[in-house]
Amino acid sequence: MRLLRITADGLPLFSGKADLTFYARERVSENDRFRLQKLFSNVWANPVSLLIGINASGKTSVLKLILLALGILRHEHINCLETRDILGSCGQVRINTWFYGEASREICRLETCIEPQEEISGKVRYIIREEKLWIKPASQAGSGKKLPDFDGVPPADVRDSGQAFLADDVSIMIAWNRKTGECIQTASVIGTSDTDLSHFPSDVPQASAAFLDPSIEYLRQEVEGCGRCIRLKFHGRNEIILNNPSELGSFLSSGTIRGMILFSMAHRILSTGGCMAVDDLERSLNAEVAKTLVRLFEDGRINRKGGTLIFSAHSPEMLDEFDRRD
């Protein structure tokens, strides 16, 4: 499954309609094809998307919207998603998500209408009030402006209040995902500090560790009894045994730790396909390290499964990695 476009109306932090596109809208030359990924016909996907701007310009809010839409596609409970706070004290939010089903070779559009509902306790939870799914063969999709057009196409599935088995905050995508066997994989680092090790991987590839800190001989986690231990060894020094990832901060820089988290996430998404979202990519990282991560997704010889990296940044230097305006 490949994400194509997201639009959203009614979000309190957006003054108007949010509209994000993840496929190439401009002409694709021969030189561009190395960095883009062909989906079908003349439609090419951008493997990397950058949100750049000053502080408080809305970069994190856009990433949260993307992750919310991806969570809906993954038929996750909206009220369990960390990014649901982007809905705020909304009245009604209408999110449209276009995606490409690679197995079925279909273009789909999912429209989800979300409303807040106040509980007796005073807490607000969100429910899906209306939802529709449109499907058309990719061979009839066209390209460019015509790709997201579903005029004249009847809905293939409509949310029914009589579907007692379906939770009120879970999308009807659960049926499509089970039918096709597709479900988009996601990984994200948003709103976490450099010292937050909740995302620290259970296995750090040796190549990643050596790239980020050449003095590391190995770093691995092992199961011992009912728990795990971390074995860290620097060249020419004795092995260090740690009982908790939080202790790594005493031996490794914040940039090395964050790099290990990001490169391990990237390894998973590059291996399976899916979307990886990172807020403030270059934070704590050397500029070349951040650019290396971007290049892994742009290199078709490495990114064979169609992984997508969506990230925000402050530094204009990151724009040097992009030749296309779209």
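Preceding block: the structure.
The structure presented is a predicted model; accordingly, all values stated were derived computationally and were not measured.

Cut-offs and rules
Residues numbered from 1 in each chain as written. Predicted model: local features only at pLDDT ≥ 70, side-chain atom pairs only at ≥ 80, totals over all residues. Heavy atoms only, no water. Pairing = 2+ DSSP bridges. Helix = DSSP H or I, 4+ residues; strand = E, 2+ residues; numbered from the N terminus. Polar contact = N/O pair within 3.5 Å; in protein donor to acceptor, adjacent residues only side chain to side chain. Contact = heavy atoms within 4.5 Å. Core = buried A, V, L, I, M, F, W, Y, C linked by side-chain atoms within 4.5 Å. Buried < 20%, exposed > 50% of the residue type's maximum accessible area, 1.4 Å probe, protein only. Salt bridge = Lys/Arg side-chain N within 4 Å of Asp/Glu carboxyl O. Axes fitted to C-alpha atoms, helices over the stretch in contact; angles between N-to-C directions. Parallel < 35°, antiparallel > 145°, perpendicular 65-115°, else oblique. Nonpolar A, V, L, I, M, F, W, Y, C, P; charged D, E, K, R; others polar.

Caption draft 1: Structural context of the sheet that holds strand β8 (residues 124-137). Taken together, the six strands give an open sheet; going across it, the order is β2-β1-β6-β7-β8-β9, and neighbouring strands pair in antiparallel fashion. For this open sheet the edge positions go to β2 (18-21) and β9 (157-158), each flanked by a neighbour on one side alone.

Caption draft 2: Structural context of the side chain of Arg159. Locating Arg159 in the fold gives a position in the loop between β9 and α2 (173-180). Within the structure, the side chain of Arg159 is placed 2.9 Å from the backbone oxygen of Ala167, a separation counted as a polar contact. A distance of 2.9 Å separates a polar atom in the side chain of Arg159 from the backbone oxygen of Val170. In this view, Arg159 contacts Ile128, Glu130, Glu131, Leu166, Ala167, Asp168, Asp169, Val170, Ser171 and Ile172; residues no more than four positions away in its chain are not counted.

Caption draft 3: Looking closely at the nonpolar core. Counting 44 residues, the largest nonpolar core has Ile66, Leu87, Ile95 and Phe99 as its most contacted members. Secondary-structure elements contributing two or more residues to this core are β1 (2-9), β2, α1 (59-73), β6 (93-101), β7 (106-118), β8, α2 and β14 (274-278). Sort the elements by how many residues they give to this core and α1 lands first, with ten residues. Discounting residues that sit within four places of it in the chain, Phe99 has contacts with Met1, Arg2, Leu3, Leu4, Leu73, Glu106, Ile107, Cys108, Leu110, Leu133, Met173 and Trp176. The next biggest cluster of nonpolar side chains, apart from the first, holds 39 residues, and it includes Ile216, Leu219, Ile257 and Ala266.

Caption draft 4: Here's a closer look at the pattern of salt bridges. By the definition in use, this model includes 19 salt bridges. The partner of Asp85 in a salt bridge is Lys64, with the nearest N and O atoms 2.9 Å apart. Of this pair, Asp85 sits in the loop between α1 and β6 while Lys64 sits in helix α1, placing them 21 residues apart in sequence. Classification of Asp85 as partly exposed rests on a relative accessible area of 43%. Where Glu119 meets Arg125, a salt bridge forms, and the shortest distance between an N and an O atom there is 3.6 Å. What makes Glu119 partly exposed here is its relative accessible area of 35%. Salt bridges here are not isolated pairs; linked through shared partners, they connect Arg94, Arg109, Glu111 and Glu130.

Caption draft 5: The packing of helix α4 (residues 254-272) against helix α5 (residues 287-298), seen in detail. Between α4 and α5, the least distance of the axes is 11 Å, while the angle of their chain directions is 5°. In terms of axis orientation, α4 runs roughly parallel to α5. Of the residues in α5, those in contact with Leu262, Phe263, Ala266, Ile269 and Leu270 of α4 are Val289, Thr292, Leu293, Leu296 and Phe297. Looking at the contact of α4 with α5 residue by residue, the classes come out as nine nonpolar, one polar and no charged.

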